[in-house]
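Next come the chains, spelled out residue by residue.
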Amino acid sequence: MDNIVIVDCGSQFTQLIARRVREMRIHSTVLPWDVSVERVRESAPSGVIVSGGPDSVNDEGAIAVQREILDLGVPVLGVCYGMQLLAKYLGGQVVSGEKPEYGTTPIKREGESRLFKEIPESFDVLMSHGDRVKQVPPEFRAIANTKHGVIAAMESDDGRFFGLQFHPEVGHTQHGSLILRHFLFDVCGCKGDWDLGNWIDRSVGEIRDRVGKGHVVCGLSGGVDSSVAAALVHKAVGRQLECIFVDHGLMRLNEARQVLESYEGLGLSVRHVDASELFLGRLAGVTDPESKRKIIGELFIKVFDEESNKIGEVEWLLQGTIYPDVIESGSKKGSAVIKSHHNVGGLPEHMKLKLLEPLRDLFKDEVREIGRRLGVPAEIVDRHPFPGPGLAIRCLGEITRERLDVLRAADAVFKEELVRAGLYDSIWQSFCVLLPVKTVGVMGDGRTYSEVLALRAVNSADAMTANWTRLPADVLDVVSKRICNEVRGINRVVLDVTSKPPATIEWE
Ligand code: XMP
């Protein structure tokens, strides 16, 4: 099986490169910028792509990929910062600060190149750079330029190294996918035979080999990733897998029951721990978002630990880690903690469990597809992402049972109407947020003074960035009317029209 290694220099588009490669049915592995040449070699790449990044190659302390990666003997494509690194390493010249370009720009090809086969002489590309290659390395030539004379692409005479100053992975670049296709198929010789059906068979075999006769424990949340991971491992080792469903009392309407029924249908062995008293008790009076997250994270670990101690000999911890989690947590230089995430990742040392993460190579939509093939029901596979801390971070201010019930009722209406309008499946994530703000309203002849509810719907590829969804006004109208009429405790509905960045998807 072909594999393309993508070395991540911190660009927000790195995942998109990985996606494009996968779409051409070629396996890709994203590795952080400081990866060793040995690790890249182990991945047996057919080619390497060095991504863009925010640094400037001439600055001290700038991201510097191991030079030896260029000597592996496989083709290398540098994108944006990656191209500048190639130029610097191989003897070209990169200048900073002159003519920065952001946005779509026409470029013109120069001479012939395998990358630009069947592509017009001139086409538009997305540029986003401050630095540029002023002089290509010896035995290289420019293969495209902008009208300002900036080198837009270069190629080595031996046809092994390529640089693109623009981003072929984004939709704004015309023929971008074709350019990548030429690199992957014509230059690297990939075959495009990566397939999810084979993936399941191979993965099941690997899990059996690794786990042997050992026992596996898994924290199920009702979410897509943990559920699919559990279904996969169940297929591999059957009853050696024991699942724990910690009900923190912060699930949506009827969710705990539905999820448990689905798990039963899959034949999973699930221990249901109703810990809602404990969680809600500890959360009483807490309003600070980070405190909520910390309390829930710690309690979750405590409950999970206690319950798994009852199981007996357990050797493995199964986690539904997926690819974006791996990339996001592994490759950025000193990024700020925006929110502390509640995941089973922080289990205490004394549990001494070995980690099993069979989905860590897959993107969300691939996980969904695997889930479907394994028979995981649609209501789990197609549901919108739901955060570990649940409704606690959507019930702003103090968390009480009453306020949670109000939020649950409103959220159920919103979902029902999105499903009815045929919109639910095309939205990445949608939910309601209850605000600790009271406003005056009028109902019948009376004055009301109740809390405000915000509707949130976003579209995204990976939750790292997101755009607010333009929901039809008619649908919003029905949702608003129904919520104000049917849900006591809300007399005003507002819509969140903020993308990420600058906002985050969840409000806390
Ligand atoms: P934000 O709010 O950071 O969320 O834009 C990005 C995505 O992550 C989800 N999210 C979480 N998922 N544990 C999770 O498993 C968490 O603590 C958590 N917080 C946010 C969020 O719903 C969105 O899909």
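Rules and cut-offs
- Residues numbered from 1 in each chain as written.
- Predicted model: local features only at pLDDT ≥ 70, side-chain atom pairs only at ≥ 80, totals over all residues.
- Heavy atoms only, no water.
- Helix = DSSP H or I, 4+ residues; strand = E, 2+ residues; numbered from the N terminus.
- Rg over C-alpha atoms; globule rule 2.2 N^0.38 Å.
- Buried < 20%, exposed > 50% of the residue type's maximum accessible area, 1.4 Å probe, protein only.
- Contact = heavy atoms within 4.5 Å.
- Areas by Shrake-Rupley, 256 points an atom, 1.4 Å probe, with all protein chains shown as cover.
- Lys, Arg positive; Asp, Glu negative; His and termini not counted.
- Charge placed at Lys NZ, Arg CZ, Asp CG, Glu CD.
- Disulfide = S-S within 2.5 Å.
- Core = buried A, V, L, I, M, F, W, Y, C linked by side-chain atoms within 4.5 Å.
- Domains from an automatic or database assignment.
- Buried area = accessible area lost by both parts, 1.4 Å probe.
- Salt bridge = Lys/Arg side-chain N within 4 Å of Asp/Glu carboxyl O.
- Nonpolar A, V, L, I, M, F, W, Y, C, P; charged D, E, K, R; others polar.

### Let's talk about the overall build of the chain
Item 1. Looking only at helices and strands, the chain features 14 helices and 20 strands.
Item 2. For 508 residues, the compact-globule formula gives about 23 Å, and the C-alpha radius of gyration of the chain, at 26 Å, lands near that figure.
Item 3. For the chain, the C-alpha atoms occupy an extent of roughly 75 × 65 × 40 Å along the three principal directions.
Item 4. Split into buried and exposed, the 508 residues of the chain put 57% on the buried side.
Item 5. The long-range share in the chain, meaning contacts at least 24 apart out of those at least 6 apart in sequence, stands at 76%.
Item 6. Here the chain displays about 22,100 Å² of accessible surface, and carbon together with sulfur accounts for 49% of that area.
Item 7. Taking the average place of the 61 positive charges on the side chains of the chain and the average place of its 72 negative ones, the gap between the two points comes to 2 Å.

### Observations concerning the state of the cysteines
Item 1. With the rule as written, the count across this model stands at zero disulfides.
Item 2. We note that Cys243 lacks a disulfide partner, and the nearest cysteine sulfur, in Cys218, lies 4.6 Å from it.
Item 3. Here Cys432 stays unpaired: no disulfide links it, and the sulfur of Cys484, its closest cysteine neighbor, is 11 Å away.
Item 4. On the basis of relative accessible area, Cys432 is assigned to the buried category, the value being 0%.

### Brief notes about the nonpolar core
Item 1. Leu241, Leu318, Leu359, Leu453, Leu455, Ile483 and Ile490 are the most contacted members of the largest nonpolar core, which totals 89 residues.
Item 2. The biggest single contributor to this core is helix H6 (residues 224–237), with nine residues.
Item 3. Taken together, domain 2 (196–381) and domain 3 (394–495) each give at least three residues to this core, which thus spans both.
Item 4. In contact with Leu453, not counting residues within four places along its chain, are Leu407, Ala410, Cys432, Val433, Leu434, Ile483, Ile490, Arg492, Val493 and Val494.
Item 5. Counting residues in each nonpolar core, the second largest holds 36 residues, with Ile49, Phe116, Val125 and Val326 among its members.

### Things to note about the domain arrangement of the chain
Item 1. Entries for the chain in the domain assignment read domain 1 (3–187), domain 2 (196–381) and domain 3 (394–495).
Item 2. Placing a centre on the C-alpha atoms of domain 1 and another on those of domain 2 gives a separation of 37 Å.
Item 3. The largest share of the area that domain 1 buries against domain 2 comes from Gln15, Arg19 and Arg22, three residues that together contribute 45% of it.
Item 4. Here domain 1 is connected to domain 2 by two salt bridges.
Item 5. Here Asp365 makes a salt bridge to Arg19, at a shortest N to O gap of 3.1 Å.
Item 6. At five residues, strand S2 (residues 27–32) tops the list of elements feeding residues into the side of domain 1 that touches domain 2.
Item 7. Across the side of domain 1 that touches domain 2, the residue classes tally to six nonpolar, seven polar and four charged.

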